[in-house]
Amino acid sequence: MLNAKPLKTRQICLMFIAFLPVIKLFTLPGLMAQAAEQDMWLSALAALAADLLTMFVILFTLRREDTDFYGLLEDNFGRTGSLIILALFALCFFIKALLPVFEQQDFVTLTFYVTTPKSLMFLPFFLGAAYLAIKPLRVIGRCADVLFLFTAAGLIILAGFSFISFDAGALLPVCINGAEPVLRGAYTAAPWFGDCMYFLFVTGRFERKKKDGIKIFVSYAGAGLAAVLFMVIFYGTFSSIAFRQRFAINEISKYSAVINNLGRIDYLATFLLLFSGIVSLTLPLYFAGEILNRMTRIKNLKILPLAVCALCFAAVLLLDRNVYGLEKFITRYAAAFFILMANVLPVFICLIARKKGVLTKKHGEKTDELYQD
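Residues numbered from 1 in each chain as written. Predicted model: local features only at pLDDT ≥ 70, side-chain atom pairs only at ≥ 80, totals over all residues. Heavy atoms only, no water.

Trainee: Mind laying out the overall build of the chain, listing which residues take part and the relevant values?
Mentor: When helices and strands are tallied, the chain shows 15 helices and 0 strands. Expressed as a percentage of its 373 residues, the buried residues of the chain come to 54%. Put simply, of all contacts in the chain between residues at least 6 apart along the chain, 86% involve residues at least 24 apart. With an accessible surface of roughly 16600 Å², the chain has 66% of that area assigned to carbon and sulfur atoms. (Helix = DSSP H or I, 4+ residues; strand = E, 2+ residues; numbered from the N terminus. Buried < 20%, exposed > 50% of the residue type's maximum accessible area, 1.4 Å probe, protein only. Contact = heavy atoms within 4.5 Å. Areas by Shrake-Rupley, 256 points an atom, 1.4 Å probe, with all protein chains shown as cover.)

See below:
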C-alpha cells in the first residue's frame, strides 16, 4: 500500500521545474517552427495558457479534497466509470512516453556518434525506468530535489551560449499570417504539453498548507515559461531555417564564439539536461503503471509497471524504422486525444466533483478545509 502522503509541496514544485521543460527541448521546437514559423513561441504560449487554465481549475476546485484522484473518481463516477477514465489516462501516459523516448534515442545516436545497436544502447534507460517504476512516489520527489539544479544549470548555460547569435527581429512581425498557424502550432505541441495531468495523480498525496496552491501554480507556470523562452531563443537564432533543426537542444548554441574557439563545451549543458531527461521520460511510464495497479488492485505492485516498461521497449524495437510515421500520426491525429485528456477531461472531472461537493455541503455533511489559497 502506497504512503498516503509521500510528497512535500516543495518536491511537487521542483518536479515541475526539473522534469517538465526538458522533454520539450529536443524535436518539438523544430516541429513547431514547421507549423507556425516565427509565431512558434506564440503557439507554445497558447499551449501553456491552456495548461495554466486547467491547472488553476484543478487547484481551485480540489483545494478542499482530502482524497487522492483515484478516490475522487470512484466517489463521483463509481467503480465502472472510474475504471474507464483511468484506462484512458493509462493509454494517454503510455503514448505520451513514446515520442520523447524515440527523440532521445535518436539524439544520443546521432549527436554522440554511437555505433552500438540502438536496442542495446537504450536498454540501460529502460532498466533505469523499470527501477523507478516500481519505487514509491517519494523516490521521484527525492530525484526532483537534486535534478532541478541540473535542469536550471543546463538551461542557463544554453541560453548564455546562444545569446550572441540571437536576433529578436526574426520574431517580427507577430501573427503576420493570422491566428491559424499559431493554433496549428499549439495543436502540434499538445503531446508534449498537458503536464497538468501529472498533478491530478499527486493531488491528495502531499501535506497541504496555506498558500500551497499559489506555490504549485507559480512553479508550473515558471517551468512552462522556461520552455517558451527556449522557443523564442531557438527561432531568434535560426530564423527561416529553424524547421530544419532536428534537435534544438544540440543546435541552439553551436554558433557561439566561445564554442568556435574552445570546442563543444555546450555538451556540459546537454549532459545535465539528459540526466534530468531520464526521469522526465520515466514519469509517464511510472503513472501508467501505477494506474494499472490501482485499476486491477493487484497485490504485487511490481508486475504491471515492469510490463509497461517492457511494452515501451518492445514498441521502440518494432517501430524504430517508422518513427517519422509515428510522429506524424501523433502530432496530426492523436494530438486531439491529448487535448481531451489533459485539458477537457480534467476540467470536467473537477467541475463535477465541485458540484457534488457543494451539494453535499448544502445538505449539512461535514467537510474539512485542509488549506486555502
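Trainee: So what's going on with the environment of Asp 167? Which residues, and what values?
Mentor: Assignment of secondary structure puts Asp 167 in the loop between helix H7 (137–162) and helix H8 (180–189). Taking the relative accessible area as the measure of exposure, Asp 167 reaches 44% and is therefore partly exposed. In sequence terms Asp 167 and Ser 239 are 72 residues apart; their C-alpha atoms lie 8.2 Å from each other. Among the polar contacts listed, one links the side chain of Asp 167 to the backbone nitrogen of Gly 169, at a separation of 3.1 Å. (Polar contact = N/O pair within 3.5 Å; in protein donor to acceptor, adjacent residues only side chain to side chain.)

Trainee: Any details on empty space enclosed by the protein? Residues and values, ideally.
Mentor: Tallying each qualifying case throughout the model produces 4 cavities of 30 Å³ or more. When its volume is computed, the largest cavity comes out at roughly 110 Å³. Lining the largest cavity are 14 residues, with Ile 23, Lys 96, Asp 195, Tyr 198 and Ser 280 positioned closest to its centre. It is helix H13 (residues 267–296) that provides the largest number of residues to the lining of the largest cavity, a total of 4 residues. Of the residues in the lining of the largest cavity, the class split is 11 nonpolar, 1 polar and 2 charged. Broken down by secondary-structure element, the contributors of at least two residues to the lining of the second largest cavity are helix H3 (40–61) and helix H10 (212–238). A per-element tally of the lining of the second largest cavity places H10 first, with 4 residues. Looking at side-chain class alone, the lining of the second largest cavity contains 7 nonpolar, 1 polar and 3 charged residues. (1 Å grid on protein atoms, 1.4 Å probe; cavity = no way out; pocket = protein on both sides within 12 Å on 5 of 7 lines; lining within 4 Å. Points joined across faces, edges and corners; volume = space filled by probe spheres on them. Nonpolar A, V, L, I, M, F, W, Y, C, P; charged D, E, K, R; others polar.)

Trainee: Got a sec to walk through the packing of helix H2 (residues 28–36) against H8? Specific residues and values, please.
Mentor: H8 packs onto H2 with a crossing angle of 150° between their chain directions and a minimal axis gap of 8 Å. Looking at the two axes, H2 sits roughly antiparallel to H8. At the point where H2 passes H8, the crossing takes the right-handed sense. Here H2 contributes Leu 28, Leu 31, Met 32, Ala 35 and Ala 36 to the contact with H8, which in turn contributes Pro 181, Val 182, Arg 184, Gly 185, Thr 188 and Ala 189. (Axes fitted to C-alpha atoms, helices over the stretch in contact; angles between N-to-C directions. Parallel < 35°, antiparallel > 145°, perpendicular 65-115°, else oblique. Left-handed = near helix turned anticlockwise from the far one by under 90°.)

Trainee: Break down H13 for me, with residues and values.
Mentor: With 30 residues, H13 should cover 44 Å at 1.5 Å per step; its first-to-last C-alpha distance of 44 Å lies within 8% of that length. Taking the largest bend as the criterion, H13 deviates by roughly 30°, centred on Leu 283, and proline Pro 284 comes between one and four positions later. Judged by how many residues are buried, H13 sits mostly within the fold: 22 of 30 residues are covered. (Expected span 1.5 Å × (residues − 1). Bend = angle between axes of the 7 residues up to and from the residue.)

Trainee: Break down the packing of aromatic side chains for me, citing the residues and quoting the values.
Mentor: According to the stated counting rule, one finds 22 aromatic pairs in the structure shown. Considering the side-chain rings of Phe 234 and Phe 238, the 5.4 Å spacing of their centres and the 50° angle between planes classify their relative orientation as tilted. Of this pair, Phe 234 and Phe 238 both sit in helix H10, 4 residues apart, roughly one helical turn. On the numbers, 6.2 Å between centres and 65° between planes, the contact of Phe 337 with Phe 338 is edge-to-face. Side by side, Phe 337 and Phe 338 carry an identical accessibility label, which is buried. Members of the aromatic cluster, each reached through a chain of ring pairs, are Phe 69, Tyr 70, Phe 89, Phe 93, Tyr 198, Phe 201, Tyr 286 and Phe 287. Directly above the ring of Phe 193 sits Lys 24, whose terminal nitrogen or CZ lies 5.1 Å from the centroid. We note Arg 63 situated over the ring of Phe 60; from NZ or CZ to the ring centre the distance is 4.1 Å. (Phe/Tyr/Trp six-rings, centres within 6.5 Å; stacked < 30°, edge-to-face > 60°. Lys NZ or Arg CZ within 6 Å of the ring centre and 35° of its normal.)

Trainee: An account of the confidence of the model for the chain is requested, with residue identities and associated values reported.
Mentor: Counting all residues, the mean pLDDT for the chain is 86, and 89% of those residues have values of 70 or more. Contacts of residues 361–373 to residues separated by more than four positions or lying in other chains number 22 contacts, the stretch itself having pLDDT below 50. (pLDDT = per-residue confidence, 0-100.)

Trainee: Kindly report on the pattern of salt bridges, identifying the contributing residues and their values.
Mentor: Per the stated rule, a full pass over the model turns up 9 salt bridges. A salt bridge links Asp 195 to Lys 24; the nearest nitrogen and oxygen atoms lie 2.6 Å apart. Placement of Asp 195 in the loop between H8 and helix H9 (196–200) and of Lys 24 in the loop between helix H1 (9–19) and H2 is noted, with a sequence separation of 171 residues between them. The pair formed by Asp 195 and Lys 24 is uniform in burial state, with each residue classed as buried. With a shortest N-O distance of 3.1 Å, Glu 327 and Arg 246 are connected by a salt bridge. Of this pair, Glu 327 sits in helix H15 (residues 323–362) while Arg 246 sits in the loop between H10 and helix H11 (248–251), and the two are 81 residues apart along the sequence. A single salt-bridge network, built from bridges that share partners, covers Lys 24, Lys 96 and Asp 195. (Salt bridge = Lys/Arg side-chain N within 4 Å of Asp/Glu carboxyl O.)

Trainee: Any details on a nonpolar patch on the surface? Residues and values, ideally.
Mentor: A cluster of nonpolar side chains, Phe 271, Phe 275 and Ile 278, forms an exposed patch at the surface whose accessible area comes to about 290 Å². Inspection of the secondary structure assignment puts Ile 278 in helix H13. For Ile 278, a relative accessible area of 38% puts it in the partly exposed group. (Patch = residues over 30% accessible without salt bridge, like charges linked within 9 Å, V, L, I, M, F, W, Y side chains within 5 Å.)

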